[in-house]
Amino acid sequence: MRVAIIAANGGMFDAYKVFNIATAAAATDAEVGIFFTFEGLNLIHKEGHKNLSMPAGAEHFQEGFKKANVPPVEELVAMATEMGVKMIACQMTMDVMSLEKEHFVEGIDVGGAVTFLSFAKDADVTLTF
């Protein structure tokens, strides 16, 4: 199975959606690729993914994550990397935001929409968050 995910939003809930699906799919031996664009780049930014925003009034979820033993986002990013999830940072967005590959976690690729489309064209599942 091949799973293609577009991560275009960069909040805490977005991170959990993206990395929960990605790591679950990878655990079933699926080939997984995530294209990070615009605010989604926060999810793989070295500092950004450590300080993701939570919607106002949703602070109680932090305690719920801890009680349910849900790994922090930083750990989910590392798990995805270890599991072979292909992570592609959008070159155009990086150019617009003056970001370099060094600003992001180890193990990512940089590419444009065509790079992701080449991966996604044969996907069995395609998701956008």
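As a starting point, this report considers the structure included with it. Every residue gets a number counted from 1 within its own chain, in the order that chain's sequence is written. Where totals are concerned, whole chains, interfaces and linings use all residues; where local detail is concerned, this predicted model gives features only for residues with pLDDT of at least 70, and gives and counts side-chain atom pairs only at 80 or more. Based on all heavy atoms of the structure, the side-chain values leave hydrogens and waters out of the count.

1. Observations regarding the overall build of the protein chain
Each helix corresponds to a stretch of at least 4 residues labelled H or I by DSSP, and each strand to a stretch of at least 2 residues labelled E; elements are numbered beginning at the N terminus. Within the protein chain, the secondary structure is distributed over five helices and five strands. What you see in the protein chain, going N to C, is helices and strands ordered as β-α-β-α-α-β-α-β-α-β. In the protein chain, the proportion of contacts linking residues at least 24 apart, taken out of those at least 6 apart, comes to 77%. Of the roughly 6900 Å² of accessible surface on the protein chain, a fraction of 55% belongs to carbon and sulfur atoms. Think of it this way: Lys and Arg go in the positive column, Asp and Glu in the negative one, and His and the chain ends go nowhere. In this description, the location of a charge corresponds to atom NZ of lysine, CZ of arginine, CG of aspartate or CD of glutamate. Taking the average place of the 9 positive charges on the side chains of the protein chain and the average place of its 17 negative ones, the gap between the two points comes to 2 Å. Whether two residues touch is decided by their heavy atoms; if any such pair falls within 4.5 Å, the residues are in contact. Here the Shrake-Rupley method, with its probe set to 1.4 Å, supplies the accessible areas, and only the displayed protein chains count as covering residues.

2. Quick notes on the packing of helix α1 (residues 12-27) against helix α2 (residues 60-67)
Helix-helix packing is characterised by the crossing angle of the two axes and by the distance between the axes. Put simply, α1 and α2 touch, their axes get as near as 12 Å, and they point 30° apart. Between α1 and α2, the interaxial angle falls into the category roughly parallel. Residues Met12, Phe13 and Tyr16 of α1 form the contact with α2, whose participating residues are Phe61, Gln62 and Phe65. Note that Gly is not counted as nonpolar here; it falls among the polar residues with everything else outside the nonpolar set of Ala, Val, Leu, Ile, Met, Phe, Trp, Tyr, Cys and Pro and the charged set of Asp, Glu, Lys and Arg. Considered class by class, the residues forming the contact of α1 with α2 number five nonpolar, one polar and no charged. Angles run from 0 to 180 degrees between N-to-C directions of axes, and those axes are lines fitted to C-alpha atoms, restricted for helices to the stretch in contact. Orientation categories follow fixed angle ranges, with anything under 35 degrees roughly parallel, anything over 145 roughly antiparallel, 65 to 115 roughly perpendicular, and all other angles oblique.

3. Side note on the nonpolar core
Core analysis: the biggest nonpolar cluster contains 33 residues, and Phe19, Val32, Ile34, Phe36, Ile44 and Met87 have the highest contact counts within it. When residues of this core are traced back to their parent elements, those giving at least two are β1 (2-7), α1, β2 (31-36), α3 (73-82) and β3 (86-90). With eight residues, α1 is the single largest residue contributor to this core. In this structure, Val32 is in contact with Val3, Ile5, Ala22, Ala25, Ala26, Gly84, Val85, Lys86 and Phe119, ignoring residues within four places of it in sequence. Within the second largest apolar cluster, seven residues are counted, among which are Ala4, Ile88, Cys90 and Phe119. We call a set of buried Ala, Val, Leu, Ile, Met, Phe, Trp, Tyr and Cys residues a nonpolar core when their side-chain atoms join them within 4.5 Å. Working definition: with a 1.4 Å probe on protein chains only, accessible area under 20% of the residue-type maximum means buried, over 50% means exposed, and in between means partly exposed.

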